[in-house]
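Coordinate inspection notes
So you can see what is in the structure, the chains are spelled out below.
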Amino acid sequence: MTKAMKIAIVDDEKDMRQSISQWLALSGYDTESFSSAEEALGALGTDYPGIVISDIKMPGMDGIQFLKKLMGTDSALPVIMITGHGDVPMAVEAMRVGAFDFLEKPFNPDRMSELAKKATNARRLTLDNRALRRELSDGGQIMRKLVGASPAMERLREDVLDLGQADGHVLIDGETGTGKTLIAHALHAVGMRAGKRFVLVSCAAMDEDTLMRRLFGPMQPEDSRLPAIEEARGGTLVLEDVESLSDASQARLLSVINDQGTPPETRIVAICNLQDEGRTCESALRPDLYYRLASLKITVPPLRQRGEDILTLFTSFSEQYADEYGCEAPQVSAQEAAQLLQAPWPGNVRQLINLAERAVLQSRRGQGTIASLLMSDHEEMQPVMTTEGKPLKEYVEAFERMLIDNTMRRHKGSISAVMDELCLPRRTLNEKMAKYGLQRSDYL
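In every chain, residue numbers begin from 1 and rise along the written sequence. Selection of residues for local features in this predicted model requires a pLDDT of at least 70, selection of side-chain atom pairs for listing and counting requires 80 or more, and totals for whole chains, interfaces and linings are taken over all residues. Side-chain figures throughout are based on the complete set of non-hydrogen atoms in the structure, without hydrogens or water.

Quick word on the confidence of the model for the chain
Looking at the chain as a whole, the pLDDT averages 85, with 91% of positions reaching at least 70. Segment residues 380-388: pLDDT under 50, and 18 contacts once partners within four positions in sequence are set aside and those in other chains are kept. Note on scores: pLDDT gives the predictor's confidence for each residue, bounded by 0 and 100. In what follows, residue pairs with any heavy atoms lying within 4.5 Å of each other are defined as contacts.

Structure, rendered in structure tokens:
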């Protein structure tokens with residue numbers, strides 16, 4: 001559930017504050033009131049989780065001075081100003097300083113609710129974008145998104161850390177849905193350019209002329225940003241679907257790369273999506289460009305090669321969706337765990353995410369099974385077949401680890417509750433947790 005945004009009401013008249021607060025509370029907002037601008041400033045800092053509604057005419061610091069202070073602290077904070085009848089020049093000044101909008105007394109409460117909705121939606125988007133930028137600039141945070149204990153994921157994390165510290169261009173390939181764009185973000189976040197610009201361009205999403213202009217310019221008068229090569233200067237330029245570049249675009253890109261010298265002013269991370277189509281990036285690009293981009297290379301492993309990571313990821317995604325939809329996560333049977341492990345996963349992690357959401361929605365309705373969803377995704381897959389030919393012992397151990405992990409999560413690390421539910425003596429539970437690398441402290 002999305003948390004209600006706050007609305008700070010600033011007015012020296014108590015009756016006005018209460019009236020606005022009561023009306024907005026009925027609309028589901030969390031309000032807080034201040035009798036002066038000075039009092040409000042102490043509570044309204046950068047990233048305030050909401051908006052401000054303030055009177056313009058107040059004793060002491062008036063609304064315009066208050067607005068200027070707020071804009072100096074957080075220029076993206078939506079502030080709705082309340083003006084007296086006929087104070088048009090003051091309203092115009094407020095908009096010039098940075099007010100989101102204004103209401104003229106006496107105002108229609110429905111109009112106030114409408115403005116509050118627009119302002120809070122804008123604020124939520126701003127805060128979400130800020131959080132995302134912080135997350136993507138935090139190397140430790142984004143590395144935690146590379147979930148998994150399989151040897152393939154261990155190698156991938158090591159490659160990201162090693163290549164992130166290097167300064168050459170990087171080529172990332174792998175099957176669709178494996179998370180190649182996430183790897184590009186991680187390379188930037190753990191490297192020396194982490195504080196610089198990160199610009200992503202999808203080469204397959206534009207026609208030839210538009211793409212050339214987006215990458216190299218010249219920009220049109222209506223364009224609000226620089227060409228990507230200029231925009232990413234000093235940072236990282238990510239080219240998704242690099243195999244879509246035409247011969248002319250490839251030649252122009254090669255020229256830019258050659259002009260940059262060594263080390264490159266702008267690092268290029270190229271993402272190729274051809275591995276699962278029977279072709280290779282090497283065959284799609286001119287050789288001189290390919291070898292410049294592939295001076296460093298990462299191949300992201302497909303999900304079917306990640307073993308128990310499949311169960312770990314499914315549990316994580318299903319718990320996230322269960323929390324979002326306000327229901328319990330579906331319980332996975334031993335047979336379903338084996339089927340999750342043996343599925344071919346042509347859509348990789350993206351397909352697993354979709355399956356987890358459908359499983360949660362299906363479980364909420366009290367119908368269907370994870371096995372039925374898997375069979376609908378892979379109609380050709382036989383329940384008793386495996387794609388990797390693993391022995392039964394590995395499937396049993398994977399299910400056992402998932403079962404203990406899920407039970408520990410549900411009981412928040414209570415050993416006695418887990419022992420009771422799984423009918424295990426303490427010594428056996430301790431041995432199995434040690435065997436599977438599970439620690440009680442992770443669940444508290």
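Brief notes about empty space enclosed by the protein
The probe, sized like a water molecule, is rolled over the atoms to show the empty space still left. Think of a 1 Å grid over the protein atoms and nothing else: a 1.4 Å probe that fits but is trapped marks a cavity, an open set flanked by protein within 12 Å on at least five of seven lines marks a pocket, and residues with an atom within 4 Å of a point count as lining. Grid points are joined across faces, edges and corners, and a volume is the space filled by probe spheres set on the points. All told, the structure shown has one cavity of 30 Å³ or more when counted by the stated rule. Taken as a whole, the largest cavity spans an internal volume of roughly 50 Å³. Considering the residues around the largest cavity, the lining is formed by Glu308, Leu311, Thr312, Ala398, Arg401, Met402 and Asp405. Helical segments are the DSSP runs of H or I of at least four residues, strand segments are the runs of E of at least two, and each set is numbered from the N terminus. Elements represented by at least two residues in the lining of the largest cavity include exactly α14 (309-325) and α18 (392-410). Looking at the lining of the largest cavity, the element that brings in the most residues is α18, giving four residues.

Brief notes about helix α16 (residues 348-364)
A helix is expected to span 1.5 Å for every residue after the first. Compared with the 24 Å implied by 1.5 Å per residue over 17 residues, the 25 Å span of α16 between its first and last C-alpha is a close match. The buried label goes to any residue with under 20% of its type's maximum accessible area, the exposed label to any with over 50%, and the partly exposed label to all in between, with areas taken from a 1.4 Å probe on protein chains only. Here α16 has its buried residues at Asn348, Val349, Gln351, Leu352, Leu355, Ala356, Ala359, Val360 and Gln362. Looking one or two residues past α16, Gly366 carries a phi angle of roughly 75°, positive in sign.

Focus: the packing of aromatic side chains
Only Phe, Tyr and Trp rings are paired, with Trp represented by its six-membered ring, and only when their centres lie within 6.5 Å; those with planes under 30 degrees apart are stacked, over 60 edge-to-face, the remainder tilted. Taken as a whole, this structure holds two aromatic pairs when the rule is applied. A ring pair is formed by Tyr290 and Tyr291, whose centres lie 5.1 Å apart and whose planes are at 80°; its orientation type is edge-to-face. With 6.3 Å between their ring centres and 20° between their planes, Tyr321 and Tyr325 make a pair best called stacked. Remark: Tyr325 and Tyr321 occur in helix α14; sequence separation between them is four residues, near one turn of the helix. For Tyr325, a relative accessible area of 25% gives the class partly exposed.

With respect to the pairing of strand β8 (residues 236-240)
Of all five residues in β8, five are buried; the element is thus mostly enclosed. Neither face of β8 is left uncovered, since the one carrying Thr236, Val238 and Glu240 and the one carrying Leu237 and Leu239 both have all their residues buried. Crossover handedness is defined here as right-handed if the route from the first strand over the helix to the second strand goes clockwise, with the strands pointing away from the viewer. Assessed by its sense of winding, the connection that carries the chain from β8 through helix α11 (residues 247-260) to strand β9 (residues 267-271) is right-handed.

Observations concerning the nonpolar core
By nonpolar core we mean a set of buried residues, namely Ala, Val, Leu, Ile, Met, Phe, Trp, Tyr and Cys, connected to one another through side-chain atoms within 4.5 Å. Residues Leu239 and Val242 are the most contacted members of the largest nonpolar core, which totals 30 residues. Only β7 (198-202), α9 (208-216), α10 (228-231), β8, α11, β9, α12 (281-284) and α13 (287-293) provide two or more residues apiece to this core. Apart from residues no more than four positions distant in its own chain, Val242 is found in contact with Leu171, Cys203, Ala270, Ile271, Cys272, Cys281, Leu285 and Leu293. Ranked by size, the runner-up nonpolar core spans 26 residues in total, among them Leu303, Leu340, Val349 and Phe399.

What about the environment of Ala131?
Examined against the element boundaries, Ala131 turns out to sit in helix α5 (residues 109-137). Classification of Ala131 as partly exposed rests on a relative accessible area of 35%. For the pair formed by Ala131 and Asp47, sequence separation is 84 residues and the distance between their alpha carbons is 9.7 Å.

A word on the sheet that holds β7
At least two bridges found by DSSP between two strands is the condition for calling them paired. Pairing is parallel in the open sheet, where five strands are placed in the order β7-β8-β9-β6-β10. At either margin of the open sheet sits one strand with a lone partner, and together these are β7 and β10 (296-300). Going from strand to strand, the sheet's axes swing by 15° on average, the running direction of each strand aside. Across four bridges, β8 lies against β9 in parallel orientation. Paired with Thr236 across the bridge in β9 is Arg267. The sheet strands contacting helix α7 (residues 151-165) are β6 (170-174), β9 and β10, and the helix crosses β10 at an angle near 155°. An axis is simply a line fitted to the C-alpha atoms; with a helix, the fit covers only the stretch in contact. Between two such axes, the angle follows the N-to-C directions and lies from 0 to 180 degrees.

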